[in-house]
Amino acid sequence: MNTIIEDMRSGVDEEGIARAGDILKHGGLVAFPTETVYGLGADALDAQAAARIYAAKGRPSDNPLIVHIADWDALDYIVEEIPEEARLLADAFWPGPLTMIFKKSEVVPLATTGGLQTVAVRMPVNEVARAMIRAGGGYIAAPSANTSGRPSPTKASHVMDDMDGIIEMIIDGGDVEIGLESTIVDLTEDTPMILRPGYINEEMLEKVVGSVKIDPAVSGADTKARPKAPGMRYRHYAPRADLIIVEGAQEAVREKINELVQEAAACGKVPGIIGTDESRDLYQGGLVKSIGSRADELTIAQHLYSILREFDDSDISVIYSESFETPNMGLAIMNRLIKAAGHQIIKV
Ligand code: AMP
Ligand code: MG
């Protein structure tokens, strides 16, 4: 298949959007930018189109898709009921990086929800994304546009690496703003529960709806519990190299990583290091990459997946990473990093 690339880095191109809408309405696949990561879109109400997403990604069929809408009025058709909390949260955070779980209405096929009676819905803020959703019929199922098990794409070139020749179109909207997938909140129980941490954190949600719980399997409170979001159960985002996180006070972490680098050098190996703008010059040896600045935690989120992809393209076989328990996005950043590391953590 010849994958069409539409350049919308400087904004919505109506003709390109019409072509994307046409592909989507005929059951095809279009990758598109959102503020979180690139999505791989198909008509959410067409079971066969949704099935094509699973095939293109190599995604397990029990891992449900998020349905993307462009307008609040679209929600009613695909959900059984809209709880009051959802109205409040939508007022505060939609359009934006928040996904809410509802009981689904009968128009949503089980192929889209991975066999569940609930449906995840999000309204992205990205204008290109919303124009494309409207052109495609209003309901676009979209997981991240990566091959299953690879880091989520944060720029169009990442999508091309994974999806070129497999899908009909990729819309290039430049680099994403946030770099981590949306926060997922389940509204089908009495108290809203965070199933996946993201840019919108617990404190921000609590300001709007009072008490919020975090899935204990995700907060780290219960390491044996089974995560409620099926996608959180899989080993995701695994880089080719062995990734080991070193956790502790920043100076002690740097000392430990320098020590590990020396040990590796003694065996003739060059390890990779994930540091920050503040620490990168303090390492002696190793291939150091800065993930961003501790003074601006969003830069750390933005570059996490691209740095993992860069290491995949090198012949580095082991990577040591600092840990990033930053004030607002720390839970989300560390959730993704710990999964990428397959839970290998050295505490100092
Ligand atoms: P991705 O778009 O690749 O970030 O994947 C979507 C995430 O949303 C996965 O972790 C899914 O398991 C989760 N998800 C989607 N629908 C539901 C649902 N109905 N209930 C719980 N989790 C869901
Ligand atoms: Mg994903």
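Each remark here, short or long, concerns the structure printed above.
Now for a quick tour of the structure. Predicted model only: the values in this text are computed from it and were never measured.

Criteria and cut-off values
Residues numbered from 1 in each chain as written. Chains lettered and ligands numbered in written order. Predicted model: local features only at pLDDT ≥ 70, side-chain atom pairs only at ≥ 80, totals over all residues. Heavy atoms only, no water. Near = heavy atom within 4 Å. Polar contact = N/O pair within 3.5 Å; in protein donor to acceptor, adjacent residues only side chain to side chain. Areas by Shrake-Rupley, 256 points an atom, 1.4 Å probe, with all protein chains shown as cover. Helix = DSSP H or I, 4+ residues; strand = E, 2+ residues; numbered from the N terminus. Core = buried A, V, L, I, M, F, W, Y, C linked by side-chain atoms within 4.5 Å. Buried < 20%, exposed > 50% of the residue type's maximum accessible area, 1.4 Å probe, protein only. Phe/Tyr/Trp six-rings, centres within 6.5 Å; stacked < 30°, edge-to-face > 60°. Lys NZ or Arg CZ within 6 Å of the ring centre and 35° of its normal. Pairing = 2+ DSSP bridges. Contact = heavy atoms within 4.5 Å. Axes fitted to C-alpha atoms, helices over the stretch in contact; angles between N-to-C directions.

### Focus on the site of ligand 1
In the neighbourhood of ligand 1, 21 residues make up the surrounding shell, with Asn-63, Thr-118, Pro-143, Arg-196 and Gly-231 lying closest. Take Asn-63: an N or O atom from its side chain is 3.0 Å from an oxygen atom of ligand 1. Relative to its unbound accessible area of 500 Å², ligand 1 is 95% covered by the protein chains. Sorting the residues of the shell around ligand 1 by element identifies strand 6 (118-122) and strand 10 (193-196) as the ones contributing at least two each. Here the shell around ligand 1 gets three residues from one element, more than from any other, and that element is strand 6.

### Quick notes on the nonpolar core
If you look at the biggest cluster of nonpolar residues, it comprises 48 residues, and the most contacted ones within it are Leu-40, Ile-69, Trp-94, Leu-98, Met-100, Val-121 and Leu-205. Among the elements of the structure, strand 3 (39-43), helix 2 (47-57), helix 3 (75-78), helix 4 (84-93), strand 5 (98-103), strand 6, helix 6 (156-163) and helix 7 (202-209) are those that each provide at least two residues to this core. A total of five residues in this core trace back to one element, the largest contributor, which is helix 2. Core analysis: the second largest hydrophobic core is formed by 27 residues, Leu-308, Ile-316, Ile-338 and Ala-341 among them.

### Observations regarding the packing of aromatic side chains
Per the counting criterion, the structure on display carries two aromatic pairs. A ring pair is formed by Trp-72 and Trp-94, whose centres lie 6.2 Å apart and whose planes are at 65°; its orientation type is edge-to-face. Placement of the pair is Trp-72 in the loop between strand 4 (66-68) and helix 3 and Trp-94 in the loop between helix 4 and strand 5, with a sequence separation of 22 residues. Under the relative-accessibility criterion, Trp-94 is labelled buried at 9%. Taking the ring centre of Phe-311 as reference, the NZ or CZ of Lys-289 above it sits at 5.3 Å.

### Thoughts on the sheet that holds strand 6
Reading across from one edge, 1-8-2-3-7-4-6-5-9-10-11 is the order of the 11 strands in this open sheet, with mixed pairing throughout. Only two strands of the sheet have a single neighbouring strand rather than two, namely strand 1 (4-7) and strand 11 (213-214). Where strand 4 meets strand 7 (residues 140-141), two bridges bridge the pair, whose relative direction is antiparallel. Considered in strand 7, the bridge of Val-67 is made with Ala-141. The strands touched by helix 1 (residues 14-25) are strand 1, strand 2 (30-32), strand 3, strand 7 and strand 8 (169-172); relative to strand 8, the strand with the most contacts, the crossing angle is about 145°. Sheet strands touched by helix 2: strand 3 and strand 7. Its angle to strand 3, the strand with the most contacts, is close to 150°.

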